[in-house]
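Residue-level structure breakdown
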Amino acid sequence: MNYKGRMRSARGAAAILVCACTALLTGAEHVRPAPQTIEVAKGVYLFISKPYGDVGLDGNSIAILSSDGVLVFDANGTPAASALVLAEIRKRTDKPVRYVVYSHWHWDHWYGGETYTRAFPDVKVVAQEKSREMMAGPAIEFNRPGVESDLPGYIASLEKRAAADPSVQPLLDEDRFFLEQKKNAHLVLPNTTYTDRLVIHLGEREIQVLHHDRAVTPGDSFLYLPAERIVITGDLLVNPISFALSSYPTGWLKTLEGIDALDAAVLVPGHGEPLRDKTLLHAQMHAMREMLKAGKDAKGRGLDADQAREEVLPRLRDDRLAMTKDDPKLNQQFQIYFVDWYMHRVYEELAGPLTDAIAPIPAK
């Protein structure tokens, strides 16, 4: 067989493997919808996966195509989701996936990694060195109660509801599927790590993998494509509301300031649609600055973090409106997931250097 014939056979085998993985990982009975696909720039695709019933949001996944292969940034939260993303990538190129970059340790950004290592055994799986440390132990332990008790308990309550109300059954099916996916995922740890900066030349692309400081987690990675002026942020920026649980307030702000200085034309967040201006970025940065100042002042006056939160909320009105457009549900998320969680971490940071340990949800 000549070279072109071998290449056609290899591509055919790869296509069969992708189809087989998709069928295996999405389950024979439960059908998940294909992700929403947005072409951010030529050959740069954002894939947004549907939530898992009422129990889980999935992180964005981004594919960067080149003449020499594909880089995927974030591998979704389940093998089923990443298999559907890979199927979409295969519609656009027959080049192999050569790199998978994990942005951070949160499950919804890397639990689907097995899709790529099964289809492409030589793929390089990249993360910042502290992210790999978190993935190798603390992240798994953090997720254990949810998988072993919280989710099964909630699903048991749904089963009782579904017995009396058949309209609950589709939600129950989706939640059961999510639990099975998360429980049975083969977790793929990074096989390539870096400290501050890794430059990947992939065909005609230059892709900079960057880490500035501890921010959302101890080892956040984001991508910068200088020729295309695109920054892919992971959960450093979420459209519309970022999640501040267990974050590093000062380092997060410094990281966003570094992203701002890159003067990107497009920001691709960890969740939600791409941003073609900096309104959301600047609102988040301004709110962080206000909370850092307010927290220090309030703590100096003997107030606790909850009191500091209530004091600062009126000063964040314009930032909130830029993020939520005054939607009541988003306003509540802004107050809890961003302001409350961030302010509690401000207080913890003021008390002394933060460790890499995963902080719990603030008690109420």
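Everything numeric here is computed off the predicted structure, so don't read it as measured data.

Take the overall build of the protein next. Along its length, the protein carries 11 helices and 12 strands. Taking 2.2 N^0.38 as the reference for a compact globule, 364 residues should give roughly 21 Å; the C-alpha atoms of the protein span a radius of gyration of 21 Å, in line with that estimate. Taken over the C-alpha atoms alone, the protein extends approximately 80 × 55 × 35 Å along its principal axes. The 364 residues of the protein split such that 53% are buried. Long-range contacts, defined here as pairs at least 24 residues apart, represent 70% of the contacts in the protein between residues at least 6 apart.

Along the chain, G77 turns up in the loop between β4 (69-73) and α2 (79-90). In sequence terms G77 and N239 are 162 residues apart; their C-alpha atoms lie 18 Å from each other. Once residues within four sequence positions are removed from consideration, G77 is found in contact with Y52, D58, W107, D108, Y111 and G112.

Right, let's get into the sheet that holds strand β2 (residues 44-48). Adjacent strands of a sheet form backbone hydrogen bonds with each other and so pair up, either parallel or antiparallel. Reading across the sheet, the seven strands line up as β1-β2-β3-β4-β5-β6-β7 and stay open at both edges, with mixed pairing between neighbours. Of all strands in the sheet, those bounded by a partner on one side alone are β1 (36-41) and β7 (192-194). Put simply, the sheet's adjacent strands are angled 20° from each other on average, direction ignored. Inspection of the sheet shows β2 paired to strand β3 (residues 61-66) by four bridges, in the antiparallel sense. Looking at the pairing, Y45 lines up with A63 of β3. Running at roughly 150° to β2, α2 makes contact with β1, β2, β3, β4 and β5 (97-101) of the sheet.

The biggest cluster of nonpolar side chains holds 42 residues, and the ones touching the most others in it are W252, M291, F338 and M343. Put simply, the parts of the chain that give this core at least two residues each are β10 (222-225), α7 (249-261), α8 (279-300), α9 (305-312) and α11 (328-351). Here this core gets 10 residues from one element, more than from any other, and that element is α8. Ignoring anything within four residues of it in the chain, the contact list for M291 reads V312, L316, F338, V339, Y342, M343 and V346. In terms of nonpolar packing, the next biggest core, distinct from the first, is built from 39 residues, Y102, W105, A139 and I155 among them.

Within strand β6 (residues 124-128), four of the five residues are buried, which leaves it mostly tucked inside the rest of the structure. Sheet analysis places β5 next to β6, joined by three bridges and oriented parallel. In the sheet register, Y99 faces β6, and the bridge partner there is K124. With helix α3 (residues 114-119) bridging β5 and its parallel neighbour β6, the resulting β-α-β unit is right-handed. Where β6 meets β7, three bridges bridge the pair, whose relative direction is parallel.

A few words now on the packing of α8 against α11. For the pair α8 and α11, interaxial distance at closest approach is 9 Å and the crossing angle is 50°. Compared by their axis directions, α8 and α11 come out oblique. Seen from above, α8 lies across α11 with right-handed handedness. On α11, the residues touching Q284, A287, M288, M291, L292, A294, G295, K296, A298 and K299 of α8 are F338, V339, Y342, M343, V346, Y347, E349 and L350.

On to unusual backbone geometry. Cis geometry is found at the peptide bond from N239 to P240, where omega equals 15°. Structurally, P240 can be placed in the loop between β11 (230-234) and α7. For N76, which is not glycine, the phi torsion reads 65° and is therefore positive. Here N76 shows up in the loop between β4 and α2. Its relative accessible area of 0% is what places N76 among the buried residues.

The next thing to look at is the packing of α7 against α11. Across the interface, α7 lies against α11 with an axial gap of 8 Å and an inter-helix angle of 115°. Classed by the angle they form, the pair α7 and α11 counts as roughly perpendicular. Here P249, T250 and W252 of α7 come into contact with α11, specifically with Y342, R345, V346 and E349.

Let's shift gears to the environment of D297. Inspection of the secondary structure assignment puts D297 in helix α8. On the accessibility criterion, D297 (43% relative accessible area) is partly exposed. Residues D297 and A308, spaced 11 residues apart in sequence, show a C-alpha to C-alpha distance of 8.6 Å.

All right, on to the sheet that holds β11 then. Spatially, β8-β9-β10-β11-β12 is the arrangement adopted by the five strands of the open sheet, whose pairing is mixed. For this open sheet the edge positions go to β8 (197-202) and β12 (266-269), each flanked by a neighbour on one side alone. Put simply, the sheet's adjacent strands are angled 20° from each other on average, direction ignored. Note: β11 against β12, four bridges, orientation parallel. Looking across to β12, one finds that I232 is bridged to V268.

Bringing the pattern of salt bridges into the picture now. Applying the stated rule across the entire model yields 26 salt bridges. Across the pair R289 and E257 runs a salt bridge whose closest N-O atoms are separated by 3.1 Å. Of the two residues, R289 is situated in helix α8 and E257 in helix α7; the sequence distance between them amounts to 32 residues. By relative accessible area, which is 34% here, E257 ends up partly exposed. Taken together, the salt bridges that share partners define one network made up of R229, D260, D263 and K278.

Reading the values: rules and limits
Residues numbered from 1 in each chain as written. Predicted model: local features only at pLDDT ≥ 70, side-chain atom pairs only at ≥ 80, totals over all residues. Heavy atoms only, no water. Helix = DSSP H or I, 4+ residues; strand = E, 2+ residues; numbered from the N terminus. Rg over C-alpha atoms; globule rule 2.2 N^0.38 Å. Buried < 20%, exposed > 50% of the residue type's maximum accessible area, 1.4 Å probe, protein only. Contact = heavy atoms within 4.5 Å. Pairing = 2+ DSSP bridges. Axes fitted to C-alpha atoms, helices over the stretch in contact; angles between N-to-C directions. Core = buried A, V, L, I, M, F, W, Y, C linked by side-chain atoms within 4.5 Å. Right-handed = clockwise from strand over helix to strand, strands pointing away. Parallel < 35°, antiparallel > 145°, perpendicular 65-115°, else oblique. Left-handed = near helix turned anticlockwise from the far one by under 90°. Salt bridge = Lys/Arg side-chain N within 4 Å of Asp/Glu carboxyl O.

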